[in-house]
Amino acid sequence: MRRPRGEPGSRAPRPTEGATCAGPGESWSPAPNSMLRVLLSAQASSARLSGLLLLPPVQPCCLGPSKWGDHWPPGGGPHAGPVQGLQRLLEQARSPGELLRWLGQNPTKVRAHHYPVALRRLSQLLGSLPQPPPVEQATLQDLSQLIIRNCPSFDIHTIHVCLHLAALLGFPSDGPLMCALEQERRFRLPLKPPPPLPSILRGGQRLEAALSCPRFQRRPQQHLIRSLAEARPEELTPHVMVLLAQHLARHRLREPQLLEAIAHFLVVQEAQLNSKVVQKLVLPFGRLNYVPLEQQFMPCLERILAREAGVAPLATVNILMSLCQLQCLPFQALHFVFSPGFINHISGTPHALIVRRYLSLLDTAVELELPGYRGARLPRRQQVPIFPQPLITDRARCKYSHKDIVAEGLRQLLGEEKYRQDLTVPPGYSTDFLLCVSSCGSVLPVRAQDPFLPYPPRSCPHATRDPAQRVVLMLRERWHFCRDGRVLLGSRALRERHLGLMGYQLLPLPFEELESQRGLPQLKSYLRQKLQALGLRWGPEGG
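These remarks concern the structure in this document. (Residues numbered from 1 in each chain as written. Predicted model: local features only at pLDDT ≥ 70, side-chain atom pairs only at ≥ 80, totals over all residues. Heavy atoms only, no water.)

1. Structural notes on the overall build of the protein chain
Scanning the protein chain for helices and strands turns up 24 helices and 5 strands. Expressed as a percentage of its 543 residues, the buried residues of the protein chain come to 47%. The long-range share in the protein chain, meaning contacts at least 24 apart out of those at least 6 apart in sequence, stands at 72%. Accessible area of the protein chain: about 27,400 Å², with a carbon and sulfur share of 54%. (Helix = DSSP H or I, 4+ residues; strand = E, 2+ residues; numbered from the N terminus. Buried < 20%, exposed > 50% of the residue type's maximum accessible area, 1.4 Å probe, protein only. Contact = heavy atoms within 4.5 Å. Areas by Shrake-Rupley, 256 points an atom, 1.4 Å probe, with all protein chains shown as cover.)

Following this line, the structure appears as structure tokens:
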């Protein structure tokens with residue numbers, strides 16, 4: 001008696017329609033008639049799908065610490081306790097939606113090896129039906145985002161398995177999931193050591209050769225640039241020092257020895273430097289929130305600004321922005337950039353909008369930090385929002401941010417009506433989370449209050465009719481700080497300083513504390529302690 005196709009023991013057809021899996025180190029992409037296209041069309045036969053789903057079993061792999069936990073549960077490796085239970089739940093999921101819920105609702109139990117299990121189970125679910133229903137794009141996107149968010153913790157075996165399964169499912173080779181996995185695969189390939197610098201190079205030549213090497217820029221070696229900074233000043237050129245300044249700013253390296261070398265070079269070479277070069281040399285000081293010990297640093301910059309202010313408007317404003325972060329704004333330069341002649345000069349230029357944005361921030365700094373300034377100010381009609389959208393670094397790293405889980409913790413703790421997320425307050429500073437608090441400490445519904453404090457503060461009467469406080473929860477992510485240090489970057493310190501001067505009460509949430517919370521229950525307890533430490537009350541007892 002012939003065995004029906006698809007039963008155990010029968011020979012399955014070759015998977016000619018799907019993509020093939022490449023070995024380690026090889027690049028590949030799914031075929032045009034990939035499995036996902038077949039499934040979405042809901043026209044495939046069960047025999048064809050069974051051929052596509054001849055996948056090897058996914059072996060769990062023990063990895064290092066993840067975002068939600070550094071240790072396996074008591075009793076053993078990745079199969080022990082609730083981790084093993086979650087794997088069984090994934091293997092027995094009855095629908096793609098249920099599969100996604102098990103992953104999303106159990107962040108403390110999910111390990112790297114669970115994601116290949118989920119992909120394989122999704123393939124089995126879709127292939128076991130005679131006429132599989134169309135897959136919801138939202139389900140695929142949510143699963144894809146979960147894998148993208150956690151793939152930096154995968155080992156090379158797990159990455160290869162996920163690449164294989166995602167290709168069979170038909171995720172596009174140029175899509176976010178495949179690109180993220182491929183990037184992690186390449187990142188784990190062994191790198192060839194950089195070629196040694198020729199011994200004939202000395203001083204500034206060695207520094208320029210090192211900083212110009214792409215491999216060195218990707219993997220900064222601080223001990224090397226510290227030793228090269230000892231080169232004699234006459235061996236260094238503006239190009240070399242600009243490379244060094246850009247390197248420090250890009251990698252957030254707050255190295256006092258190197259920064260002092262740049263400051264000394266700027267003072268010594270003052271007469272030979274124009275403002276377009278100076279703006280690049282000054283950039284790391286503001287970004288890294290570092291005021292050099294070189295006593296002639298500020299007088300030198302004031303002379304350069306007085307000499308070059310009318311020649312390069314954008315460079316002039318860039319220099320002032322760096323000095324604004326350091327709280328070292330020179331009055332004479334402010335009077336010049338706020339003058340009608342300078343403002344008319346930049347109007348109509350390609351960089352007019354960015355200059356007006358910077359001038360608006362400088363005017364805010366004058367309002368809040370320079371009560372003794374009596375010079376010209378930026379006219380109100382010329383002012384624009386300082387930061388109309390999130391900063392580039394936050395947009396690029398949003399998948400690593402704690403904002404989503406903190407928002408969920410506040411929603412469960414306070415309720416959606418008692419906080420505002422990503423609110424921009426005048427004159428244009430973004431806030432992560434804002435609460436309105438009564439004089440007795442009760443958290444009030446935000447939509448029933450005016451969440452903004454008046455700006456400028458000095459133009460308002462001291463006796464205000466609104467006794468409510470505004471509390472701003474500030475996420476301090478890892479990339480908000482200088483590397484290997486506890487110093488906030490200049491732009492972050494400036495925002496917190498100005499919000500405090502405008503009357504907002506700040507509640508910082510450092511990344512070390514957020515990363516130590518194991519799941520949502522612990523995070524809620526952490527947020528409760530933080531808010532109660534300020535005397536805040538909510539719920540039935542808090543009004």
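Structure shown, so let's carry the discussion forward.
2. Overview of unusual backbone geometry
Looking along the chain, the bond that leaves Pro-426 and enters Pro-427 is cis, with omega of 5°. Here the amide bond leading from Tyr-455 into Pro-456 is cis, since omega sits at 0°, within 30 degrees of zero. The residue Pro-456 is located in the loop between strand 3 (443-444) and strand 4 (469-476) in this model. Residue Arg-252 is not a glycine yet carries a positive backbone phi of 55°. The exposure class assigned to Arg-252 is buried, which follows from its relative accessible area of 9%.

3. Considering the pattern of salt bridges
Evaluated as defined, the whole model comprises 15 salt bridges. The salt bridge involving Glu-182 is made with Arg-186; its shortest N-O contact spans 3.2 Å. Of this pair, Glu-182 and Arg-186 both sit in helix 8 (residues 176-187), 4 residues apart, which is roughly one turn of the helix. Arg-186 gets classed as exposed once you look at its relative accessible area, which sits at 52%. A salt bridge links Arg-411 to Glu-408; the shortest N-O distance between them is 2.7 Å. With Arg-411 and Glu-408 both in helix 21 (residues 403-413) and 3 residues apart, this pair spans about one turn of that helix. Given a relative accessible area of 34%, Arg-411 falls into the partly exposed group. A relative accessible area of 26% means that Glu-408 is categorised as partly exposed. Through salt bridges with shared partners, one network takes in Glu-182, Arg-185 and Arg-186. (Salt bridge = Lys/Arg side-chain N within 4 Å of Asp/Glu carboxyl O.)

4. Quick word on the packing of aromatic side chains
Evaluated as defined, the whole model comprises 7 aromatic pairs. Centre to centre, the rings of Phe-285 and Phe-297 are 5.0 Å apart; their planes meet at 50°, and the pair counts as tilted. Taken together, the residues Phe-285 in helix 14 (residues 275-287) and Phe-297 in helix 15 (residues 297-308) connect sequence positions 12 residues apart. Each of the two residues, Phe-285 as well as Phe-297, counts as buried. Taken together, the aromatic side chains of Phe-285, Tyr-290 and Phe-297 make up a single cluster linked through ring pairs. One Lys or Arg, Arg-486, reaches over the ring of Phe-481 and ends 4.3 Å from the middle of that ring. (Phe/Tyr/Trp six-rings, centres within 6.5 Å; stacked < 30°, edge-to-face > 60°. Lys NZ or Arg CZ within 6 Å of the ring centre and 35° of its normal.)

5. Some details on the nonpolar core
Formed by 72 residues in total, the largest nonpolar core has its most connected members in Leu-266, Leu-329, Phe-338 and Leu-359. Dropping the residues within four chain positions of it, Leu-359 is found in contact with Val-317, Val-337, Phe-338, Phe-342 and Leu-378. Ranked by size, the runner-up nonpolar core spans 34 residues in total, among them Leu-99, Tyr-115, Leu-140 and Ala-166. (Core = buried A, V, L, I, M, F, W, Y, C linked by side-chain atoms within 4.5 Å.)

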